[in-house]
Amino acid sequence: YKAASPRFDIFFIMPCYTVSIITMEININCDLGEKSKHHSNKYDPDLLEIVNSANIACGFHAGDEETMDQVIKIYKKNGVSIGAHPSFNDPENFGRERMDLSSNEIRKLIIDQYEILQNVALNHNDKVSHIKPHGALNNMACEDIELSMTLANIIKEIDKDLIYLVPTGSKMEEAAKKLDMKIACEIFADRNYEDDGNLVSRKKPHALITNPEEAKKHVLNMVKNQAINCHSGKQIPCEIDSVCIHGDNLSSLATAKAIKNNLTDNKLKLKPLKKMEKFIK
């Protein structure tokens, strides 16, 4: 702007700013293909239209090659990425009972389940892009750095490009970072947390969040703040790349829809794990 004056000219220089708007990426994952006496997989097709990544049971806690094949056929139409969901070999207890196994036994357990799913995926000209341990195996590794290091070394040995999906703030995350792995840190949409960052035991009455409205608020708060919401009200800062919805809860479908809509309404960009910017740079 220039203002005329009899003695001098005054110039006002307006600063020019370039504003860069960064859209935050997030992933929704779900445990699928878990047909067993404990759980029906009838909602799998509906969930595969909502989630971005599927953790597929490999037959040791639930599912079989037929259910793996069904999930892969459906996911290919929806652009979902697939991962192996290995467990203790314990279908009787849905992989939720703790077991004391040697490192060699753990190694065989993980590799066998990965290879089962990978072979099914190869029949569809695709491949497994991530791994996420299931149930008691996952819970034990969250607390035990030795077991976490064992799992991380096995997964890196299988394929250094596999994305390792781990609970945020856990010993699993710590071990994976030591090995410089591709890590996706997850929170649980339908579970409450203790003050130490671990999940509330399913044996406690407040372990699960079954109300979709409560779950969507729980998730959005954690994602935006990059912090775990503990049941006590405490918040623990953490990294969050993915939100897990358990496919074996009665309210899974309604919860998944509510969370997806709420995240997109709040301008978050949903992507399969293998297509997130942090993994394709």
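Everything quoted here is computed from the prediction, not taken from an experiment.

**With respect to the overall build of the protein chain**
- When its secondary structure is counted, the protein chain shows 9 helices and 12 strands.
- Its C-alpha atoms put the protein chain at 95 × 45 × 35 Å along the principal axes.
- The contacts in the protein chain between residues at least 6 apart in sequence include a share of 70% that link residues at least 24 apart.
- Here the protein chain contributes 37 positive and 40 negative side-chain charges, whose respective centroids are spaced 7 Å apart.

**Concerning the nonpolar core**
- Formed by 73 residues in total, the largest nonpolar core has its most connected members in Tyr164 and Leu263.
- The biggest single contributor to this core is helix 3 (residues 103–122), with 8 residues.
- In this structure Tyr164 touches Ile131, Pro133, Leu151, Ala152, Ile155, Met172, Ala176, Met181, Lys182, Ile183 and Ala184, once residues within four positions along its chain are discounted.
- Among the nonpolar cores identified, the runner-up in size contains 6 residues, and Ile163, Ala184, Leu273 and Phe279 belong to it.

**Quick look at the pairing of strand 3 (residues 25–32)**
- Within strand 3, 8 of the 8 residues are buried, leaving the element largely enclosed by the surrounding structure.
- With burial as the criterion, each face of strand 3 is covered, one bearing Glu25, Asn27, Asn29 and Asp31 and the other bearing Ile26, Ile28, Cys30 and Leu32.
- The pairing of strand 3 with strand 11 (residues 242–245) spans 4 bridges and is classified as parallel. Residue pairing for strand 11: Ile28 is matched across the bridge by Val243.
- Note that strand 3 and strand 4 (residues 53–57) share 4 bridges and pair parallel. By the bridge assignment for strand 4, Cys30 is matched with Ala54.

**Side note on helix 2 (residues 65–78)**
- Between the first and last C-alpha of helix 2 there are 20 Å, a value that for 14 residues agrees with the 20 Å anticipated at 1.5 Å per step.
- Those residues of helix 2 not exposed but buried are Thr67, Met68, Val71, Ile72 and Tyr75. In an axial view of helix 2, the angular spread of the buried residues amounts to 135 degrees, which keeps them on one side of the axis. For helix 2, exposure combined with an orientation more than 90 degrees from the buried face picks out Glu66 and Lys77.
- Buried-residue contacts for helix 2 involve helix 1 (44–47), strand 4, strand 5 (81–85) and helix 3.

**Describing the pattern of salt bridges**
- In total, this model carries 18 salt bridges according to the counting rule given.
- The salt bridge partner of Lys271 is Glu25, with a shortest N-O separation of 2.8 Å. Taken together, the residues Lys271 in the loop between strand 12 (269–270) and helix 9 (277–280) and Glu25 in strand 3 connect sequence positions 246 residues apart. For the pair Lys271 and Glu25, a shared accessibility class is recorded, and that class is buried.
- Here Lys271 makes a salt bridge to Glu277, at a shortest N to O gap of 3.7 Å.
- Since its relative accessible area comes to 15%, Lys271 is described here as buried.
- Judged by its relative accessible area of 39%, Glu277 falls in the partly exposed class.
- Salt bridges here are not isolated pairs; linked through shared partners, they connect Glu25, Lys271 and Glu277.

**A closer look at helix 5 (residues 145–158)**
- With 14 residues, helix 5 extends 20 Å between its outermost C-alpha atoms, agreeing within 8% with the 20 Å of an ideal straight helix rising 1.5 Å per residue.
- Buried within helix 5 we find Leu147, Ser148, Thr150, Leu151, Ala152, Ile154 and Ile155.
- Summarising the contacts, the buried residues of helix 5 are in contact with helix 3, strand 6 (130–131), helix 4 (135–143), strand 7 (163–167) and helix 6 (171–178).
- For helix 5, the N-terminal cap is Asp144; the gap from its side-chain oxygen to the backbone nitrogen of Glu146 is 2.9 Å.

**Description of the side chain of Asn55**
- With respect to the secondary-structure elements, Asn55 resides in strand 4.
- Overall, the relative accessible area of 0% leaves Asn55 in the buried class.
- Looking at Asn55, its side chain comes within polar contact range of the side chain of Asn29, at 2.8 Å.
- At 2.8 Å, the side chain of Asn55 and the side chain of Asp31 are in polar contact.

Here is what the cut-offs are and how they apply
- Residues take numbers from 1 onward in each chain, read along the sequence in its written order.
- Per-residue local features are limited, in this predicted model, to residues with pLDDT of at least 70; the limit for side-chain atom pairs, both in listing and counting, is 80 or more; totals at the level of whole chains, interfaces and linings are taken over all residues.
- The basis for the side-chain values is all heavy atoms of the structure; hydrogens and waters are excluded.
- Secondary structure elements are defined from DSSP: runs of H or I of at least 4 residues count as helices, runs of E of at least 2 residues count as strands, and each element is numbered from the N terminus.
- Contacts are assigned to residue pairs with any non-hydrogen atoms lying within 4.5 Å of each other.
- Only four residue types enter the tally: Lys and Arg on the positive side, Asp and Glu on the negative side, with His and both chain ends excluded.
- We put the charge of a Lys on NZ, of an Arg on CZ, of an Asp on CG and of a Glu on CD.
- Put simply, a nonpolar core is a bunch of buried Ala, Val, Leu, Ile, Met, Phe, Trp, Tyr and Cys residues held in one set by side-chain atoms that sit within 4.5 Å of each other.
- Three labels apply to residues, based on accessible area from a 1.4 Å probe with only protein chains included: buried if under 20% of the type maximum, exposed if over 50%, partly exposed otherwise in between.
- A pair of strands is treated as paired once DSSP finds two or more bridges between them.
- Working rule for helices: expected span equals 1.5 Å times residues minus one.
- What the arc covers is the set of directions going from the helix axis to the C-beta atoms.
- For this analysis, a salt bridge means a side-chain nitrogen from Lys or Arg found within 4 Å of a carboxyl oxygen belonging to Asp or Glu.
- Each polar contact in these results corresponds to two N or O atoms within 3.5 Å; when the atoms are within protein, one needs to be able to donate a hydrogen and the other to accept it, and residues that are neighboring in sequence are counted only if both atoms are side-chain atoms.

Note that all results are geometric; they support no functional claim without further evidence.
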